[in-house]
Amino acid sequence: MSSDPLVLGQVVGDVLDPFARSVPLRILYKSKPVINGSEFRPSAVASKPRVDVGGEDLRISYTLVMVDPDAPNPSNPTLREYLHWLVTDIPATTDANFGQEIVCYEGPQPRAGIHRMVFVLFQQLGRDTVFAPSVRHNFSTRNFARQNNLGLPVAAAFFNCQRESGSGGRRIRN
Amino acid sequence: MWSSNKESSGSGGGSGSGGGSSSRSSSSREVCSSSNSFLFSKAPNRRTMEEVWKDINYTTKLHDQERSNSRLPINLSSSSSSSCNTTPYAGLRLRGMILQDFLAGPLNQPISKPTQLGPPLASIPPTVLSLRSSLEFNFDARSHQDINAQEASTTSTVTATASPVSSIHLFSFCPNKRMPESPQGAIGGEGSNKRMIRNRESAARSRARKQAYTNGLELEVAHLLQENAKLKKQHDELCLAMTAQIPTKNTLRRSSSSPF
């Protein structure tokens, strides 16, 4: 059994195809780094994080995608995946502020269950080659990558998010 | 899941009941193989799950027609071997109940005594007797001594308690692994079946989440330790370089001075 949290958390499978990490990616919500599988409540992730992208060549551009594959409910993900953020043309060695935010950041607001929020980093072939979808729901990272010639991801991370007053994915008693 | 179950039990069925039953981990599988070998030697080993469920549907129709006539107390040991080869359905019907009725029992029919449910699955084709026997083993065995004696020898490794349990509990205990998909509209217990599947998926997700979290933490710890070691090394080197340079700082040097 693989020990990669992305595989164990079924991110590779539900959202991504197996890939090899080649670019360092650091995501920080108010100086708290995102560790794979850690938990953040909606209040902590309401505003966009700081995303530091590694790499060496400033000329290479990256695209960052943030999706929720468990929308609206992990047991019944009919809206898989829900696009929360899409930033393109991020130069290597910089952060997401230097890119183009073509789908603005929307903080997660899960209603039911514990959702995985996945960040994916792709390397672009050139600048201005990536286009935004019309709607956020039923997004497909795989198709998006294929349509925009992004290939396999170069980095990914995920965290878990449940509603503010949630207690581990249990149903709300009314 | 079930069809692979069939094939494994089919291959193990001929090899001997005792060995087959004790080596399996899941009780339903071992009972299936043991009951297979016990009750009929060359029975349909290669039956697919679809055929089995078709038979159940068929027996539902049969049973509905002959319900009033079928109050036969069956001695399974004598009738099974003979009946299974000829009329597998009629001979194995016990007390007018079949699987569907039993499963529908908790929801539709008020069942007075647990023993009534005891021989419910008799009309099911023999390959599904695994369900029945594991269910039956859970009941108070007072009224089914021959059956249980027979079953007990073959299901010795079934870890069932002898205390009487509620039918719903049995229904959930019966298949240790995932239940097969129910046929369309045949079973009243489908609702709780789906719930069980959903619950299992949720539990699996929870386990995966937990494991992913601990692995993520371990990786982070390893990464941080590495970084820490690297930084310490760098720090030591810098300190060394600094102490090596300090003596040279205090030496006087000639530099150009002004003419006056």
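Residues numbered from 1 in each chain as written. Chains lettered and ligands numbered in written order. Predicted model: local features only at pLDDT ≥ 70, side-chain atom pairs only at ≥ 80, totals over all residues. Heavy atoms only, no water.

J.: Give a description of the overall build of chain A that names residues and reports values.
T.: Secondary structure assignment for chain A yields 3 helices and 9 strands. Overall, chain A shows an N-to-C arrangement of helices and strands of α-α-β-β-β-β-β-β-β-β-α-β. Across the 174 residues that make up chain A, the buried fraction comes to 51%. Considering only contacts in chain A between residues 6 or more positions apart, those separated by 24 or more positions represent 73%. Of the accessible surface of chain A, which amounts to about 8500 Å², a share of 49% is contributed by carbon and sulfur atoms. (Helix = DSSP H or I, 4+ residues; strand = E, 2+ residues; numbered from the N terminus. Buried < 20%, exposed > 50% of the residue type's maximum accessible area, 1.4 Å probe, protein only. Contact = heavy atoms within 4.5 Å. Areas by Shrake-Rupley, 256 points an atom, 1.4 Å probe, with all protein chains shown as cover.)

J.: Account for the interface of chain A and chain B, with residues named and values stated.
T.: Counting residues at the interface gives 14 residues for chain A, matched by 12 residues for chain B. Summed over both partners, the interface of chain A with chain B comes to about 1100 Å²; 61% of that surface belongs to carbon and sulfur atoms. Where chain A packs against chain B, one counts 0 salt bridges. Connecting chain A to chain B are 3 residue pairs in polar contact (both at pLDDT 80 or more). Within the residue set of the side of chain A that touches chain B, elements represented by two or more residues are helix 1 (5–8) and strand 9 (155–161) of chain A. Of the residues assigned to the side of chain A that touches chain B, the class counts are 6 nonpolar, 7 polar and 1 charged. (Buried area = accessible area lost by both parts, 1.4 Å probe. Salt bridge = Lys/Arg side-chain N within 4 Å of Asp/Glu carboxyl O. Polar contact = N/O pair within 3.5 Å; in protein donor to acceptor, adjacent residues only side chain to side chain. Nonpolar A, V, L, I, M, F, W, Y, C, P; charged D, E, K, R; others polar.)

J.: Quick one: what's the story with the packing of aromatic side chains, residue by residue and with numbers?
T.: Residue and element names in this part refer to chain A. According to the stated counting rule, one finds 6 aromatic pairs over all chains in the structure shown. Ring geometry for Tyr29 versus Phe40: centroids 5.6 Å apart, planes at 50°, classification tilted. Taken together, the positions of Tyr29 in strand 1 (residues 25–29) and Phe40 in strand 3 (residues 39–40) put the pair 11 residues apart, joining distant regions of the chain. With respect to class, Tyr29 is no different from Phe40; both count as buried. Ring geometry for Phe139 versus Phe144: centroids 5.2 Å apart, planes at 50°, classification tilted. Within the aromatic cluster, the residues linked to one another by ring pairs are Tyr29, Phe40, Phe119 and Phe159. (Phe/Tyr/Trp six-rings, centres within 6.5 Å; stacked < 30°, edge-to-face > 60°.)

J.: Help me get a handle on the pairing of strand 8 (residues 115–123) of chain A, residues and values and all.
T.: In summary, the side chains of a regular strand alternate between the two faces of the sheet. All names here are of chain A. Among the 9 residues in strand 8, 8 count as buried, and that is most of the element. Note: strand 5 (residues 61–68) against strand 8, 6 bridges, orientation antiparallel. Considered in strand 8, the bridge of Tyr62 is made with Gln123. Note that strand 8 and strand 9 share 7 bridges and pair antiparallel. Bridge pairing in strand 9 places Arg116 opposite Asn160. (Pairing = 2+ DSSP bridges.)

J.: Quick rundown of the side chain of A:His115? Include the residues and the values.
T.: Residue and element names in this part refer to chain A. Mapped onto the elements of the fold, His115 is located in strand 8. Overall, the relative accessible area of 2% leaves His115 in the buried class. A distance of 3.1 Å separates a polar atom in the side chain of His115 from the backbone oxygen of Asp70. The residues touching His115, leaving out its near neighbours within four places in the chain, are Asp68, Asp70, Ala71, Pro72, Asn73, Pro74, Pro110, Phe159, Asn160 and Cys161.

J.: I'd like a rundown of the sheet that holds strand 4 (residues 50–53) of chain A, residues and numbers included.
T.: All names here are of chain A. Read from one edge to the other, the open sheet built from 3 strands follows the order 2-1-4, with strand pairing classed as antiparallel. On the outer flanks of this sheet lie strand 2 (32–33) and strand 4, each paired with one strand and no other. Sheet topology note: the strand 1/strand 4 ladder contains 4 bridges and is antiparallel. Pairing of Leu25 across the sheet is with Val53, part of strand 4.

J.: Which residues make up the pattern of salt bridges, and what values do they have?
T.: Residues and elements named next belong to chain A. Per the counting criterion, the structure on display carries 12 salt bridges over all chains. Between Asp4 and Arg21 there is a salt bridge whose closest N-O contact spans 3.4 Å. One end of the pair, Asp4, is in the segment before helix 1; the other, Arg21, is in the loop between helix 2 (11–14) and strand 1, and 17 residues separate them in sequence. Judged by relative accessible area, which is 19%, Asp4 ranks as buried. One salt-bridge network, in which partners are shared between bridges, spans Asp14, Asp70, Arg80 and Arg116.

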